[in-house]
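# Structural characterization, general
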Amino acid sequence: PVLQTVDAAGRFIDAVQPWAGMFVKEADPLIEEALRERGVLYRRGRYTHTYPFCWRCHWPLLYYAKTTWLIKTTAIRDRLVETNQEIQWYPDHIKDGRFGNWLANNIDWALGRERYWGTPLPVWQCDRCAEQVCIGSVAELEEKSGRSLKGQDLHRPYIDEVTFACACGGTMRRVPEVIDTWFDSGSMPVAQWHYPFENKDKFDEQHPADFISEAVDQTRGWFYSLHAISNLLFGEKTFKNCLVLGLVLDAEGRKMSKSEGNVVSPWEVLDAYGADAMRWYLYTAAAPWAEKRFSVELVGESFRKFLLTLWNTYAFFVTYANIDGWTPGDGDGSRTAPAKERPLLDRWILSELNTLVEAVDTGLANYDITGSARRIAEFVDDLSNWYVRRSRRRFWKSEHDADKAAAYATLYECLTTLAGLLAPYTPFVADEIYRNLVAGAAAAKDAPESVHLTSFPAADPALVDRELMADMRLAMRLVSLGHAARNKAGLKVRQPLAEAVVRLRTPDEQARLARLQDLIADELNVKALRLVREEGDLVTYLVRPQPAILGKKYGPLFPKIRAAAMERSAELGPRLRAGQVVTVAVDGQQVELAPEEVEVQLVEKEGYSVAEESGYLVAVSTVLGEALRREGLAREVVRRIQTMRKDADFRIEEPIVTYYQAAGEMRSVLEEWADYIGQETLSRRLVEGRPPEGAYVEQHRVDGQEVTLGIVQASERAGA
Ligand SMILES: [Zn+2]
Ligand SMILES: [Zn+2]
């Protein structure tokens, strides 16, 4: 039985004497006094404790035991636990952890709510004999009440007007309660189809659902209500996969809260970087179930790293395709060589692309959203910073040859496939790219108008060349070593150097990289590149065993170890630097030396700068002859003019006339390299002398030498 000493107004009932009718809080001091008088007051005082308040008006509340309606879910507890085992949870630990525990400790579901708004509890009760009927359909209620409920609002107050006669002669009226709203959300799978009254086939086809997703706080909310109702109705699960989302925190990793004032408004982020940037950040920052920091700055950083790189690559393609009038599948397009017959660089990026498609498809099928997104980002980085970077000249050159057509077709295929891969991630950017490049293309009249109406990209395994990908990866690595060697010597990339020597680890690598030799030389801006197995006299190694470590370890044996190791410096040095453990024989004993136990000095040959990593070594010559130095100056002038073209807002394909005023060596360099500078900067002519009125003019200092440069549009000049 439920025993209450307080009524609904918070006053003591008659049985509580002498305080009957008094508000409980007002009775506090009187009860205290009564206890004191009876000599049973042990101690009085105040202490702080948590207390329930109305969330809306902050009025203090009293806990109150009430009778209510419950669903006896404890009766199906075992089934709830069993069917949970068939669900794939992401992350996995929710299954037997948070959710599994909640099910195992199941308590009956408190269903009734004493509120006005909500789904009415469909129970009618006789006002005379207290007989109860649960109504299962509108038709049943119509039949019982003898009235049509067509078009009738089935909520309060209208539903409460529907009554019918009880067998005892009394009147059946609906009980006043409404239902817990979690019951509504948990009924979604059946309610959305108005099952079982309609759409039985659709329901059977779609139940249980493949996938649901919500935040981790829904374990006791939606995840549970869905699972419980399905088990109550059908004894089975209602979703096969559940992706549980972690909470979004502020920039410092604190939970966002209104009272703390650290809430990051999504609108601020959306206004600054757009919805796609926000989505991409949330996908890539951490696994979906991990907590994530969130701020305008974090999203901005991710935006610049990925979306901006993608967009610049896309814009690059569009700019040049427009200049050349290239369209997919037109005369130019149909003459494009099949992917397998295109230049190495094209075959490489298409191999990477098809590998990516396969990886993303598999990844998403396994709910690896973050890993798949990160792979896309890596590809876009390769596409922009290697493929386009290495292909720039192919788009730029004036000949419309097979090489150029292949470059266009390849970049086009990469961008349109990326649009497909990105459609679920960044729907707006993906569709923008797709609509312009595919749906908007004249040749693609039959293409669906949106990327979201197309099939997900499918990989072509025939275009995957693992060896080529590994070789290119190695070439990139060597190039970055080469750049490091240049940096060390303070030599800018624009300064051509006489040679680079690359030491590889195996004869096999040496043979395989031969086909990428020109590409590496070009990227490193060297006149010659040698791939070798032995670095010869470019560097010498000096192995110095560390007395602090090895002295302690081997005691009196150490001097001999040191001598033996130093003597074999040339042989052991590269291996130790590559992280290998080596052995030396001392007094008939094999002594192992680990890389951290020895210092290996690398002494570069005069005139070379060397960088080494994991057994690979790149040496660049640092001696600049007169000719190289002059070429370096010419290249620097080219760069300055190109920047001026941009600053002057000239169109990329706009021919110009360049004026220069310089003295001494600079003047003779400009004369000697006039053709080259003209080609690179689209200057029809290089004219010595004062730039005309209206020219875009800048003063430059190149390597300590003064030069005045002025540029005008060639067409304007012709018209004048
Ligand atoms: Zn209130
Ligand atoms: Zn009755």
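Since the model is a prediction, treat every value here as computed from it, not as a measurement. (Residues numbered from 1 in each chain as written. Chains lettered and ligands numbered in written order. Predicted model: local features only at pLDDT ≥ 70, side-chain atom pairs only at ≥ 80, totals over all residues. Heavy atoms only, no water.)

## Some points on the overall build of the protein chain
Regarding its fold elements, the protein chain presents 26 helices and 25 strands. For a compact globule of 720 residues, the expected C-alpha radius of gyration is about 27 Å, and the protein chain comes in at 39 Å, more than 25% above that figure. Its C-alpha atoms put the protein chain at 115 × 85 × 50 Å along the principal axes. Relative to its 720 residues, the protein chain shows a buried fraction of 43%. In the protein chain, 70% of the contacts between residues at least 6 apart in sequence involve partners at least 24 apart. When the accessible surface of the protein chain is totalled, it reaches about 39000 Å², and 51% of it is carbon and sulfur. In the protein chain, 88 side chains carry a positive charge and 104 a negative one; their mean positions are 3 Å apart. (Helix = DSSP H or I, 4+ residues; strand = E, 2+ residues; numbered from the N terminus. Rg over C-alpha atoms; globule rule 2.2 N^0.38 Å. Buried < 20%, exposed > 50% of the residue type's maximum accessible area, 1.4 Å probe, protein only. Contact = heavy atoms within 4.5 Å. Areas by Shrake-Rupley, 256 points an atom, 1.4 Å probe, with all protein chains shown as cover. Lys, Arg positive; Asp, Glu negative; His and termini not counted. Charge placed at Lys NZ, Arg CZ, Asp CG, Glu CD.)

## A word on the sheet that holds strand β6 (residues 132-134)
Reading across from one edge, β6-β5-β8-β7 is the order of the 4 strands in this open sheet, with antiparallel pairing throughout. Both outer strands of the open sheet, β6 and β7 (164-165), are each paired with one neighbouring strand and no more. As paired strands, strand β5 (residues 123-126) and strand β8 (residues 171-174) are joined by 3 bridges and run antiparallel to one another. Among the inter-strand pairings, Gln125 is bridged to a residue of β8, identified as Arg173. (Pairing = 2+ DSSP bridges.)

## Details of the coordination of the zinc ion (ligand 1)
For the zinc ion (ligand 1), the full set of protein donor atoms is Cys54 (SG) and Cys57 (SG), and the range of their distances to it is 2.2 Å. What makes Cys54 partly exposed here is its relative accessible area of 21%. Classification of Cys57 by relative accessible area gives exposed; the value is 53%. (Donors = N, O, S within 2.8 Å, 3.2 Å for Na, K, Ca; no water.)

## Notes on the coordination of the zinc ion (ligand 2)
Cys126 (SG), Cys129 (SG), Cys166 (SG) and Cys168 (SG) make up the full set of protein donors to the zinc ion (ligand 2), lying at 2.1 to 2.3 Å. Classification of the site at the zinc ion (ligand 2) as tetrahedral follows from its 4 donor atoms and the range of 99 to 114° in their angles at the metal. Along the chain, the residues donating to the zinc ion (ligand 2) are arranged with the sequence spacing C-x2-C-x36-C-x1-C. (Tetrahedral: all angles 85-135°; square planar, octahedral: opposite > 155°, others 65-115°.)

## Topic: helix α21 (residues 558-567)
Residues three or four positions apart in an α-helix share a direction because the helix packs 3.6 residues into each turn. Burial in α21 covers these residues: Phe558, Ile561, Ala564 and Ala565. Taken down its axis, α21 places every buried residue within 125° of arc, on the same side. Those residues of α21 hidden inside the fold are in contact with β16 (539-545), α20 (547-554), α22 (569-577), β17 (582-586) and β18 (589-593). (Arc of directions from axis to C-beta.)

## Describing the pattern of salt bridges
Overall, the coordinates contain 54 salt bridges when judged by the stated rule. Here Arg473 and Asp382 are joined by a salt bridge, their closest N and O atoms 2.8 Å apart. Placement of Arg473 in helix α17 (residues 466-488) and of Asp382 in helix α14 (residues 369-396) is noted, with a sequence separation of 91 residues between them. The class of Arg473 is partly exposed, set by a relative accessible area of 37%. When its relative accessible area of 10% is taken as the criterion, Asp382 is described as buried. Measuring nitrogen to oxygen at the nearest pair gives 2.7 Å for the salt bridge that ties Glu688 to Arg667. With Glu688 in strand β23 (residues 683-688) and Arg667 in helix α24 (residues 664-672), this residue pair connects regions lying 21 residues apart in the sequence. According to the relative accessible area criterion, Arg667 is partly exposed, its value standing at 36%. Here the residues in one salt-bridge network are Asp346, Arg394, Lys397, Asp401 and Asp403, joined through shared partners. (Salt bridge = Lys/Arg side-chain N within 4 Å of Asp/Glu carboxyl O.)

## Let's talk about the domain arrangement of the protein chain
Taken domain by domain, the protein chain comprises domain 1 (1-67), domain 2 (73-245), domain 3 (312-464), domain 4 (539-604) and domain 5 (626-719). Using only C-alpha atoms to locate each centre, domain 3 and domain 5 end up separated by 35 Å. Domain 3 puts 5 residues into the contact, and the matching count from domain 5 is 4 residues. Summing the contributions of domain 3 and of domain 5, the shared interface buries around 460 Å²; its carbon and sulfur component is 62%. The closest approach of N and O atoms between Glu680 and Arg393, which form a salt bridge, is 2.8 Å. Breaking the side of domain 3 that touches domain 5 down by element, the ones donating at least two residues are α11 (296-324) and α14. Of the residues forming the side of domain 3 that touches domain 5, the biggest block, 3 residues, is contributed by α11. (Domains from an automatic or database assignment. Buried area = accessible area lost by both parts, 1.4 Å probe.)

## Here's the deal with unusual backbone geometry
Following Arg156, the chain continues into Pro157 via a peptide bond in cis, with omega recorded as 5°. Structurally, the position occupied by Pro157 is in the loop between α4 (138-145) and β7. Look at the link from Tyr195 to Pro196: it is a cis peptide, with omega at 5°. Position of Pro196 relative to the elements: it lies in the loop between α6 (188-191) and α7 (200-206). Backbone geometry at Ser614 places phi at a positive 50°, although glycine is not the residue there. Topologically, Ser614 is positioned in the loop between β20 (608-613) and β21 (616-621). For Asp649, which is not glycine, the phi dihedral falls at a positive 65°. Looking at the secondary structure, you find Asp649 in the loop between α23 (626-647) and β22 (656-662). Asp649 gets classed as exposed once you look at its relative accessible area, which sits at 69%.

## Section: empty space enclosed by the protein
Rolling a probe over the atoms, with the probe sized like a water molecule, indicates the empty space that remains. Counted under the stated rule, the structure contains 1 cavity of 30 Å³ or more. Reported here for the largest cavity is a volume of approximately 40 Å³. Looking at the largest cavity, the residues that line it are Gly186, Pro189, Val190, His207, Leu226, Ile229, Ser230, Leu233, Phe234 and Thr238. Elements that contribute at least two residues to the lining of the largest cavity include exactly α6 and α8 (222-233). Looking at the lining of the largest cavity element by element, the count peaks at 4 residues for α8. Taken together, the residues of the lining of the largest cavity break down into 6 nonpolar, 4 polar and no charged. (1 Å grid on protein atoms, 1.4 Å probe; cavity = no way out; pocket = protein on both sides within 12 Å on 5 of 7 lines; lining within 4 Å. Points joined across faces, edges and corners; volume = space filled by probe spheres on them. Nonpolar A, V, L, I, M, F, W, Y, C, P; charged D, E, K, R; others polar.)

## Some words on the layout of surface pockets
In this structure, the largest pocket occupies an estimated 1700 Å³ of space. Lining the largest pocket are 41 residues, and of these Arg389, Arg392, Arg393, Gln642 and Glu680 lie nearest its centre. Of all elements in the fold, only α11, α14, α19 (517-524), β15 (526-532), α23 and α25 (674-681) reach the threshold of two or more residues within the lining of the largest pocket. At 10 residues, α14 tops the list of elements feeding residues into the lining of the largest pocket.

## Observations concerning the sheet that holds strand β24 (residues 696-702)
The strand order across the open sheet built from 4 strands is β23-β22-β25-β24, with neighbouring strands paired in mixed fashion. On the outer flanks of this sheet lie β23 and β24, each paired with one strand and no other. When the angles between neighbouring strand axes are averaged without regard to direction, this sheet yields 25°. Bridge count for β22 against β23 is 5 bridges, and the pairing is parallel. Residue pairing in the sheet places Tyr659 in a bridge with Val687 of β23. Strands β22, β24 and β25 (705-713) of the sheet are contacted by α23, whose axis makes an angle of about 150° with β24. This element, α25, spans β22 and β23 of the sheet and lies at about 135° to β23. (Axes fitted to C-alpha atoms, helices over the stretch in contact; angles between N-to-C directions.)

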